[in-house]
Each structure stands twice: as structure tokens, then as C-alpha cells.
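Next come the chains, spelled out residue by residue.
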Amino acid sequence: MKATGIVRRIDDLGRVVIPKEIRRTMRIREGDPLEIYTEKDGEVIFKKYSPIGELGDFATEYAETLAKTSGYGACITDRDVIIAVSGVPKKELIEKRISPELESVIVEKNTYVNEGSNAKKITVAEGVDKYSAGVVAPIISEGDTIGSVIFFSQNDAPMGEVENKLAQSAANFLGRHMES
């Protein structure tokens, strides 16, 4: 564990303020759920909670099915990292932080479709320019964006209506699955 050198006091209601620098670095936003862990030696650990991350093997199998069905590489993300990948080398992307461009598409709750050479290129992972999104469909559960379903664009080729609808269907399914 990395020490920050920042000390905060607990207020009379039991609250602790997480410093802005840490929230920004860790991409913790107002309303984000945090899991609380305790250790025997007295440590209290706050960890961002990822509902999509709870899907684990299911998300991996679903990404594999999407890749086989579409013929394109596919991945499933939460709001911070790539959870499942299929159709492209997993080592390059799994558990990598999503790019700021992708994060802004997800937060806007709109589906992005690469419609050709004039389309804005959206890299999928931070620091990995090799993979760009062909389709991004946000996963929405109980009104909140919790992740995305992505098809990778091959050579920046435009995506069609079939890939768009497939990604949207997958995202809607996962969103509803998380609500039940």
C-alpha cells in the first residue's frame, strides 16, 4: 500500500473527506459506491465498487460470444477499467484503465459508432493507441452508467447497423441483469 502523507480527521458524524487529488487520480466521483474492508492490524481500506466487475467469468463468456457473433474484437468495461476482452490479445487490455475519450462517451449515455474516416477516433485503453472503438454502447442500470460494451474497429473501418444494434442489445441485457 502506498502512503500519501495526507491526514484527515473524522468529523462528529463519522465522515472522512477523501482529498480532491486522490479522488481525481482514482477517478472517484460524487455518488460512486465504495467498499470498505478492514484488516486485523487496524487498517481500513476503501475500494471503488464495480458492479460490472462482479460479473467476472460471465462477462468474459459474454465478450467471447459477442466477438464470435460479430467477427470483431469485443470488450466489456466498467466506468474505470476493462473487465473482459475477446478477439484481441487480452494481455494488452485486460484491467487497463479506460481512456478519457471513452470515459466521456460512457458518461454521456449515448452510443458511439465509428462511421468512417471522418469519425472521431476513440482509443479504448489509456496509453494503448493500438485499439480504437468501432461501437461503444453504455451499460445503464437504474439510470446510472456503470460500464460499456465495445466492438473494436479494424483499421478504423466504419461499423454498420448490425454491430450497433448488437452492442446496444448486449449493453441493455447487462444493465437489466445488474438490476435484478
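Refer to the preceding data block for the structure.
Rules of the game
- Residues numbered from 1 in each chain as written.
- Predicted model: local features only at pLDDT ≥ 70, side-chain atom pairs only at ≥ 80, totals over all residues.
- Heavy atoms only, no water.
- Helix = DSSP H or I, 4+ residues; strand = E, 2+ residues; numbered from the N terminus.
- Salt bridge = Lys/Arg side-chain N within 4 Å of Asp/Glu carboxyl O.
- Buried < 20%, exposed > 50% of the residue type's maximum accessible area, 1.4 Å probe, protein only.
- Arc of directions from axis to C-beta.
- Contact = heavy atoms within 4.5 Å.
- Core = buried A, V, L, I, M, F, W, Y, C linked by side-chain atoms within 4.5 Å.
- 1 Å grid on protein atoms, 1.4 Å probe; cavity = no way out; pocket = protein on both sides within 12 Å on 5 of 7 lines; lining within 4 Å.
- Points joined across faces, edges and corners; volume = space filled by probe spheres on them.
- Pairing = 2+ DSSP bridges.

*Asks:* Describe the environment of Met159, listing the residues and the values that go with them.
*Replies:* Looking at the element boundaries, Met159 is found in the loop between strand E8 (144-153) and helix H5 (161-179). For the pair Met159 and Gly116, spaced 43 residues apart in sequence, the C-alpha separation works out to 7.8 Å.

*Asks:* Describe the pattern of salt bridges, listing the residues and the values that go with them.
*Replies:* Taken as a whole and judged by the stated rule, the model has 9 salt bridges. Among the ionic contacts, a cluster of salt bridges with common partners joins Arg27, Arg29, Asp32, Asp80, Glu103 and Glu126.

*Asks:* Which residues make up helix H4 (residues 100-107), and what values do they have?
*Replies:* For H4, every residue scored as buried is listed here: Leu102, Glu103, Val105 and Ile106. Angularly, the buried residues of H4 cover 160 degrees about the axis, an arc narrow enough to put them on a single face. Buried residues along H4 sit in contact with strand E3 (74-78), strand E5 (112-113), strand E6 (123-125), strand E7 (128-141) and E8.

*Asks:* Outline the nonpolar core, supporting the account with residue identities and numerical values.
*Replies:* Ile52, Ile76, Ile139, Val149, Phe151 and Leu174 are the most contacted members of the largest nonpolar core, which has 24 residues in total. Of all elements in the fold, only helix H2 (57-70), E3, strand E4 (82-86), E7, E8 and H5 reach the threshold of two or more residues within this core. Those residues in contact with Val149 that lie beyond four places of it in its chain are Leu66, Cys75, Val135, Val136, Ala137, Ile139, Ala167, Ala170, Ala171 and Leu174. Ile82, Tyr112, Ile122 and Val128 belong to the second-largest nonpolar core, a separate cluster that totals 19 residues.

*Asks:* Which residues make up the layout of surface pockets, and what values do they have?
*Replies:* As a volume, the largest pocket reaches approximately 1,800 Å³. Forming the walls of the largest pocket are 48 residues, and the residues nearest its centre are Ile28, Leu34, Phe46, Lys47 and Lys48. Where the lining of the largest pocket is concerned, the elements lending two or more residues are helix H1 (20-25), strand E1 (34-38), strand E2 (44-48), E4 and E8.

*Asks:* Tell me about the pairing of E8, and name the residues and values.
*Replies:* Burial within E8 is extensive, with 9 of its 10 residues counted as buried. As paired elements, E3 and E8 share 5 bridges and run antiparallel to each other. Note on E8: the bridge partner recorded for Thr77 is Ser148. The pairing of E7 with E8 spans 9 bridges and is classified as antiparallel. The residue of E8 that forms the bridge with Pro138 is Ser148.

*Asks:* Account for unusual backbone geometry, naming residues and giving values.
*Replies:* You will see that Glu95, though not glycine, has its phi angle at about 65 degrees, which is positive. Structurally, Glu95 is set in the loop between helix H3 (90-93) and H4. Positioned with a positive phi, Glu142 is a non-glycine residue whose angle comes to about 50 degrees. Tracing the sequence through the fold places Glu142 in the loop between E7 and E8.

Just geometry here; none of it tells us what the structure is for.
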